[in-house]
Amino acid sequence: MTEPSPFPPTAPPPRLVSPGLYLVATPIGNLRDMTLRALDVLAAADLVLAEDTRVTGKLLSAYGIKAKLERCDDHASARAAELAIERLREGAVVALVSDAGTPLVSDPGFVVARAVIAEGLPVHPIPGASSLLAALCIAGLPADRVTFAGFLPPKSGARRAALEELRTGRQTLVLFESGPRLADSLADMAAVLGPRPAAVARELTKLYEECVRGTLAELAVDTRCRSPKGEIVVVIGPGEMEAISEADTDAALAEAMTRLPPGEAAAEVSRALNLPRKPLYKRALEMQGR
């Protein structure tokens, strides 16, 4: 096995970084997952808004970058938004980073981005590492239709209620969870969602990277899922399609026809319930009394 070269032999030259807010993805564990464009932006930034300035300070130091850092966590996001808008109006380059991964995904930076967008100021994504996408890639589950639900509530009752809202979806689910709550969360997932295939990914891109696969019930009792360390992503496959009753179909058609003519209402319900359009259109005409 040959040793990898420290840098790509050739790379496109950096472009001028124009004023604006840049949402910069940072590594989720492996420092070499930093993109060249992210380094260009951080080196050019007049201000870097960081979830934890100590974490970001270490990242910047690893690449020899010096920048003015300001805190942007749950307690300081409103102030950070005001500061970002003030500096952007002066023509500055402002970068926003989370502790790891892509900003705004279960992240306080959303407050800043929304405020800047509302002011009509430029916002640019600098894509890169994402634990959500990394886990989805290695889970071995369908990735064509995905629902990301972030962190579930910490207590079982509220957690089960949140899962009940997700139960009827026909998409793969992706959630974040903490190590101490993982086993209990998996047990609640198994109770509410049923015997779905799933994967628990942790320490992605790090030395002890691990992906445990099985049904939700199997994972709930797997010793590897009992208070593991590190950041954890749970990926859950789609459930089986449940039979849709005639009453549910009629109710959906009736609601759609309050807004749309029969043909369009039938088409909307067809897409929503994955049912053939022609019988729905016929039923819509019957309901309308034609």
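Everything below is about the structure printed above this text.
The present account deals with the structure reproduced in this document. (Residues numbered from 1 in each chain as written. Predicted model: local features only at pLDDT ≥ 70, side-chain atom pairs only at ≥ 80, totals over all residues. Heavy atoms only, no water.)

## Some points on the overall build of the protein
The condition is simple: Strands here mean DSSP runs of E at least two residues long; helices mean DSSP runs of H or I at least four residues long; both are numbered from the N terminus. Summary of the burial criterion: residues with accessible area below 20% of their type's maximum are buried, those above 50% are exposed, and those between are partly exposed, where the area comes from a 1.4 Å probe applied to protein chains only. Here a residue-residue contact requires only that any non-hydrogen atoms of the pair lie within 4.5 Å.
For the protein, the helix and strand inventory stands at 11 helices and 10 strands. With respect to the principal axes defined by its C-alpha atoms, the protein has extents near 70 × 50 × 40 Å. When each of the 290 residues of the protein is scored for burial, the buried share is 42%. Put simply, of all contacts in the protein between residues at least 6 apart along the chain, 71% involve residues at least 24 apart.

## Some thoughts on the sheet that holds strand β3 (residues 69–71)
The pairing of strands in a sheet happens through backbone hydrogen bonds and is either parallel or antiparallel. Condition: Should DSSP find at least two bridges between two strands, the strands are taken to pair. In this analysis an axis means a line fitted to C-alpha atoms, helices contributing only their contacting stretch, and an angle means the value between N-to-C directions, from 0 to 180 degrees.
With parallel pairing, the 5 strands of this open sheet are ordered in space as β3-β2-β4-β1-β5. In this open sheet, the two edge strands, each paired with only one partner strand, are β3 and β5 (123–126). Taking each pair of neighbouring strands and ignoring which way they run, the sheet shows an average axis angle of 25 degrees. One ladder, built from 4 bridges, connects strand β1 (residues 20–24) with β5; its direction is parallel. Bridge pairing in β5 links Leu21 to Val123. Where helix α2 (residues 53–62) meets the sheet, it contacts β2 (47–50), β3 and β4 (93–97), and its direction lies at approximately 155 degrees from that of β3.

## Section: helix α10 (residues 262–273)
Owing to its 3.6 residues per turn, the α-helix aligns residues three or four sequence positions apart on the same side. Threshold: In this analysis, the expected span of each helix is defined as 1.5 Å times one less than the number of residues it contains.
Spanning 12 residues, α10 covers 16 Å between terminal C-alpha atoms, matching the ideal 16 Å at 1.5 Å per step. As for α10, its buried residues are in contact with α9 (246–256) and α11 (277–288).

## A few points about the pairing of β1
With 5 of 5 residues buried, β1 lies mostly within the body of the structure. By the alternation rule, side chains of β1 split into Gly20, Tyr22 and Val24 and Leu21 and Leu23, which are all buried. Where β1 lies against β4, 4 bridges are found, and the strand directions are parallel. Looking at β4, one finds that Gly20 is bridged to Val93.

Bear in mind that shape data such as this cannot, by itself, settle questions of function.
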